[in-house]
Structure formats: C-alpha cells, structure tokens
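An overview of the molecular structure
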Amino acid sequence: MKAVTWQGKRDVRVEDVPDPRIEEPTDAVIRVTSTGLCGSDLHLYEVLTPFMTPGDILGHEPMGIVEEVGSEVPDLRPGDRVVVPFQIACGHCFMCDTGLPTQCETTQVTGEGMGAALFGYTRLYGAVPGGQAEYLRVPQAQFGPIKVPEGPPDDRFVYLSDVLPTAWQAVEYAAVPPGGTLAVLGLGPIGDMACRIALARGAERVFGVDLVPERLARAQRRGVETYDLRAFDDEKALVHAIQDVTGGRGPDAVIDAVGTEAHGSHAAKLAQTATALMPRKLSGPLAERFSIDRLGALYTAIDLVRRGGTISLSGVYGGMADPMPMLTLFDKQIQLRMGQANVRSWTDRIMPYLTEEDPLGVEDFATHRLPLSEAPHAYEMFQRKQDGAVKILMQP
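Let me begin by describing the structure that accompanies this report. (Residues numbered from 1 in each chain as written. Predicted model: local features only at pLDDT ≥ 70, side-chain atom pairs only at ≥ 80, totals over all residues. Heavy atoms only, no water.)

Moving on to the overall build of the protein. Helix and strand counts for the protein stand at 12 helices and 15 strands. Excluding contacts between residues fewer than 6 apart, the proportion of contacts in the protein whose partners are at least 24 apart in sequence is 73%. Surface exposure of the protein reaches about 16,400 Å², of which carbon and sulfur atoms provide 51%. (Helix = DSSP H or I, 4+ residues; strand = E, 2+ residues; numbered from the N terminus. Contact = heavy atoms within 4.5 Å. Areas by Shrake-Rupley, 256 points an atom, 1.4 Å probe, with all protein chains shown as cover.)

Okay, here's the thing in structure tokens:
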C-alpha cells in the first residue's frame, strides 16, 4: 500500500509499505477514505525529530471502511464506516473507566514513561503506524473506532478523530462560567474549532488571537472578536487591549492552542533547531532530559487570564526543562488544566452537533482536499501557512 513516511526534518515521502494485517484478536483493519493533516504532525516535521525513525508512518486523524476484524471485536463488521481516534485505548482498565483513555493502562508506553499509545506519533508513544495511508491496522478495535452512519460526506465525521474532541476538551477544561469570556491563542484547526464550540455552548464573548490573516478572517466570520498579533508592539500591548474590554481584569479563561512552536521565542527556537540537526543517537537522549519549549503563548496566557481564572492547554508541549513563572501562577491563583484529548469520553456529547444544520461548520472546515500522493506538498504548504491552508484533508 501507499503511506506517508517520515524520513527526516521537513522530509516526508509517499512510499510503498507492507499492507497491515490482523495481529491480535482485538485488531481491525480499515480502508482509509479520509485522513487529516494535524498541527501536531508539524511538530514531527520540525522539532520532535529526535524521537522519530526514518520510515515511520505518519497520521492520526483517519476514517474509513472496516475491511477485517479480529475474533475479539464483537461490535464491528466488514463494511462498517468508522472514525478512528488518535489514541489507542482498551476501554476497560482503571484509567479508561475513569474517563482517561489517554492514560490507558493496557497501551501505556511504559518503557518511555508515557501514556497511551498514539497512531503515527514518535517512539515516545509507541511508534504505531499511522493513518496517512491506504489501510490502517487498528489495535484495541473493541473500543476505539466510532461507528458513523452512511450518507453524509466524510467531512461531517472525520474530525471526531482529533479536532472535535481536542477542541471540546479544551473548552471543557477552560470552565468558562455561564455568560463568561474566553480568549483563544492560536486560530489553527484546534483554536478555530474551540472558538466555535465555546460560542455554541454559551460563552458570551470569545476573543481569538493569531497573526495569519486568513485564520483571523475565518474566525471573525463565526462571531469571534479577533486580535491580530502583528498590530501590537508586543504581547503586553495585546494583553492590555483585551483587558480593556473585560473590565480591566482579563477573560475568565484562556485556551493556549499554540504549544511548543510559539511565535517570538527566539532562543528556544534556536535550541530546538540545533537539537533537531544533531545525529539521532545524541539528540534523542539530550531532548529527553533537557528539551525546552517556545513558551511565548503560555506566558501570554498567564498574563492575560483574570485572577482566579483558568488556563486550558491544548497545544502540544514537549519540554523537560521549561522555566515556569510560578510566582505569577501562584499569586494570580490560576487553575491550569492540560493533556491529550480523551476522545471517547467526549464523542457522545459532540454527536448532537454533527447534524444537517451543521452548527459547528464541519462540512466546510477543511480549506484544502488533496490526494495522498501530494502529502509532501501538503506538509510544506501547511507548515509555511501558504495559500490560506488552515485544515488539510487527504484522500488515498
């Protein structure tokens, strides 16, 4: 089959790889019909290269048709249409029973000290072959795949794999009070969808911050009050502008949907770049112990949120030696919540929004649809924010 493979920094290729097969009785194999390109994939493309191996199959936002199921997968049949969550979880361990499939005790990558295995995402999370491919082996298929009805286009449901539950959890963790205010830093796919969900769930005002004109315009059309970071001398000026329209306090909650590659953190960017260029035998151990993030967005969130407010982190962070302003966090009594999205914990609450009325705008959420064969171009375009690329779907 054809699959998108990682070969090095900013080097992905579509190659022939062996077809997946049933290996465990809890496996399924699906034929992929749509697969997303995620901002998290760009971290692999750019800064998390020390944890990758040439030939790794990328992608964690697939949906498709069941081709084959193992003997211990009772609720799936060949021909079923399914969305596959990005995390791999059993559904019956202590962590899954408490609503935390991201910490699944059956699939935890204990050798790396990490949580549940993920599709297409570094050796830290199991190096499981991902979904940017013609076919996908799905472990723990007795729990993971989400059956969806025939008829509507893939765009209606494909975001259940990641974008929708990640944005939903970001809003849930933000704990915006009824009629409250929320600021979202970063209007890529997760930030954009978080704005839509927050407004649909009753937030009075949502402020969106970015520096890409197409992203700002797109959010503004959905009722978001947008702030172009380029219009301010620095982040402090941005903070003051939003405080001025929130009674001088700042918003009740802030979602950081940017993560480790924040704009403006020049020293950290240089350190990340240097690590990525080292030989892998050196860069891996170094990154595990001393890696740092570009924390510009998180620092802005800490300054921006009102005292006693909440910061919700949905952007991916991977540093082990990050300096944190603990004095400010403590003094402002800030609540901080974060983590990979617990997909199956939220899907039942999201489904009522995936109707013909399409209140979240999922069916026109993608800005680009490309064949899988054009994946290298898709990665480059998305990484460079060219041609208004906000969300890219690929079809094998």
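A word on the sheet that holds strand E12 (residues 310–313). The 6 strands are arranged E10-E9-E8-E11-E12-E13 in an open sheet whose pairing can be described as parallel. Two strands bound the open sheet, and with one partner strand each, they are strand E10 (225–228) and strand E13 (335–338). Averaged over all pairs of adjacent strands, the angle between strand axes in this sheet comes to 20°, irrespective of strand direction. Relative to strand E11 (residues 253–256), strand E8 (residues 181–185) runs parallel, the two sharing 4 bridges. Within E11, the residue paired with Leu182 across the bridge is Ala253. (Pairing = 2+ DSSP bridges. Axes fitted to C-alpha atoms, helices over the stretch in contact; angles between N-to-C directions.)

Time to look at the pairing of strand E3 (residues 28–37). Counting buried positions along E3 gives 8 out of 10 residues, so the element sits mostly inside the fold. Bridge count for E3 against strand E4 (residues 62–69) is 7 bridges, and the pairing is antiparallel. Across the sheet, the residue bridging to Ile30 is Val66, located in E4. The pairing of E3 with strand E6 (residues 135–138) spans 4 bridges and is classified as antiparallel. Bridge pairing in E6 links Arg31 to Tyr135. Relative to strand E15 (residues 392–395), E3 runs antiparallel, the two being bridged by 3 bridges. In the strand pairing of E15, Gly36 is matched with Leu393. (Buried < 20%, exposed > 50% of the residue type's maximum accessible area, 1.4 Å probe, protein only.)

We now examine the side chain of Thr246. Mapped onto the fold, Thr246 is located in the loop between helix H6 (235–244) and E11. Look at Thr246 and you get buried, because its relative accessible area is 9%. At 2.9 Å, the side chain of Thr246 and the backbone oxygen of Ile242 are in polar contact. Here Thr246 is in contact with Thr181, Phe207 and Pro251, once residues within four sequence places are set aside. (Polar contact = N/O pair within 3.5 Å; in protein donor to acceptor, adjacent residues only side chain to side chain.)

In this fold, Asp155 is placed in the loop between strand E7 (146–147) and helix H3 (163–174). Of note is the side chain of Asp155, whose polar atom sits 2.4 Å from the side chain of Arg369. Residue contacts for Asp155: discarding those within four places in its chain leaves Val362, Glu363, Ala366, Arg369 and Leu393.

Let's shift gears to the nonpolar core. Across soluble globular proteins, nonpolar side chains have a tendency to be buried as a group. Within the largest apolar cluster, 69 residues are counted, with the highest numbers of intra-cluster contacts made by Tyr159, Leu160, Leu164, Met193, Ile255 and Ile392. When residues of this core are assigned to their parent elements, the largest contribution, 8 residues, is made by H3. Aside from chain neighbours lying at most four places away, what touches Ile255 is Ala170, Val171, Ala174, Leu182, Ala183, Val184, Leu185, Ala194, Ser312 and Ser314. Listed in part, the 21 residues of the second largest apolar core include Ala183, Tyr227, Leu298 and Leu329. (Core = buried A, V, L, I, M, F, W, Y, C linked by side-chain atoms within 4.5 Å.)

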